[in-house]
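Chain residues, written in single-letter form:
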Amino acid sequence: NLLNNPLNYKGYFDWFERIRGDLWSGYKQVIIGFSEGIWIGHLISQPHKSISKFLELKNARVREDFFGRYILSFMFRQAETIAKREGYLATICDTRSDRKDICEFLLRNNYREIARIDLYKEGHEDIVFCKPLGNFKNF
């Protein structure tokens, strides 16, 4: 279960308590990766709070011993496929600007940088990325 798989997320259990209701209600969706019965990663998404036709990818984690196996790429593509089927125009996500590995991953997967801002008021620059789905014009 999601609660038992923090995957090196600092403050994971506090974070989980804050989102528990959204998970159980179905507002937040979870894609889970397994290999040979072992939890190896997850991707959590939800409708964007301000842009109703955008699906926000909120939390992505993969076990370190599974890095380089395209687990995260698969989970992102799965979320994008589901989002497109459900009528979303784009997926959107963010990462800290000092996470060069994540920024490179997003760029390789056709995400585009659309903003830089301290989203979480933690004194760090965050980069917002977006990926249009289908025939989303003027993006």
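Every value quoted in this text rests on a predicted model; they were computed, and no experiment measured them.

(A) Geometry of the overall build of the chain. In terms of helices and strands, the chain carries three helices and six strands. Secondary structure elements of the chain, listed N to C terminal, follow the sequence α-β-β-β-α-β-α-β-β. Across the 139 residues of the chain, 40% fall into the buried class. Counting every atom, the chain has about 8700 Å² of accessible surface; 50% of that belongs to carbon and sulfur.

(B) Geometry of helix H1 (residues 12-25). For H1, which comprises 14 residues, the first-to-last C-alpha distance of 20 Å matches the rise-based estimate of 20 Å (1.5 Å per residue) to within 8%. If you look at H1, its biggest bend is around 50°, right at Ile19. The complete set of buried residues in H1 reads Tyr12, Trp15, Phe16, Ile19 and Leu23. On its buried face, H1 is in contact with strand E1 (29-35), strand E2 (38-47) and strand E3 (54-62).

(C) Main features of the layout of surface pockets. What the largest pocket holds in volume is close to 1700 Å³. Taken together, 45 residues form the lining of the largest pocket, with Ala60, Arg61, Thr95, Arg99 and Ile102 sitting closest to its centre. Only H1, E2, E3, helix H2 (71-85), strand E4 (90-96) and helix H3 (100-108) provide two or more residues apiece to the lining of the largest pocket. With six residues, the single largest contributor to the lining of the largest pocket is E3.

(D) The arrangement of unusual backbone geometry in detail. We note that Asn110 has phi near 70°; this positive angle belongs to a residue other than glycine. Examined against the element boundaries, Asn110 turns out to sit in the loop between H3 and strand E5 (112-117). Judged by relative accessible area, Asn110 falls into the exposed class, the value being 52%. One non-glycine residue, Lys121, lies in positive phi territory at about 55°. Overall, Lys121 belongs to the exposed group, its relative accessible area being 67%.

(E) Quick peek at the sheet that holds E5. In spatial order, the strands read E1-E2-E3-E4-E6-E5; together these six strands make up an open sheet with mixed pairing. If you trace the sheet from one side to the other, it starts and ends with E1 and E5, each paired once. Going across the sheet, the axis of each strand differs from the next one's by a mean of 25°, ignoring polarity. The strands touched by H2 within the sheet are E1, E2, E3, E4 and strand E6 (126-132), with E3 carrying the most contacts at an inclination of about 160°.

(F) Expanded view of the environment of Gly33. Looking at the secondary structure, you find Gly33 in strand E1. Under the relative-accessibility criterion, Gly33 is labelled buried at 11%. The sequence separation of Gly33 and Val62 amounts to 29 residues, and the corresponding C-alpha distance is 8.3 Å. Beyond its immediate sequence surroundings of up to four residues, Gly33 is in contact with Ile38, Trp39, Ile40, Gly41 and Met75.

Calculation notes
- Residues numbered from 1 in each chain as written.
- Predicted model: local features only at pLDDT ≥ 70, side-chain atom pairs only at ≥ 80, totals over all residues.
- Heavy atoms only, no water.
- Helix = DSSP H or I, 4+ residues; strand = E, 2+ residues; numbered from the N terminus.
- Buried < 20%, exposed > 50% of the residue type's maximum accessible area, 1.4 Å probe, protein only.
- Areas by Shrake-Rupley, 256 points an atom, 1.4 Å probe, with all protein chains shown as cover.
- Expected span 1.5 Å × (residues − 1).
- Bend = angle between axes of the 7 residues up to and from the residue.
- Contact = heavy atoms within 4.5 Å.
- 1 Å grid on protein atoms, 1.4 Å probe; cavity = no way out; pocket = protein on both sides within 12 Å on 5 of 7 lines; lining within 4 Å.
- Points joined across faces, edges and corners; volume = space filled by probe spheres on them.
- Pairing = 2+ DSSP bridges.
- Axes fitted to C-alpha atoms, helices over the stretch in contact; angles between N-to-C directions.

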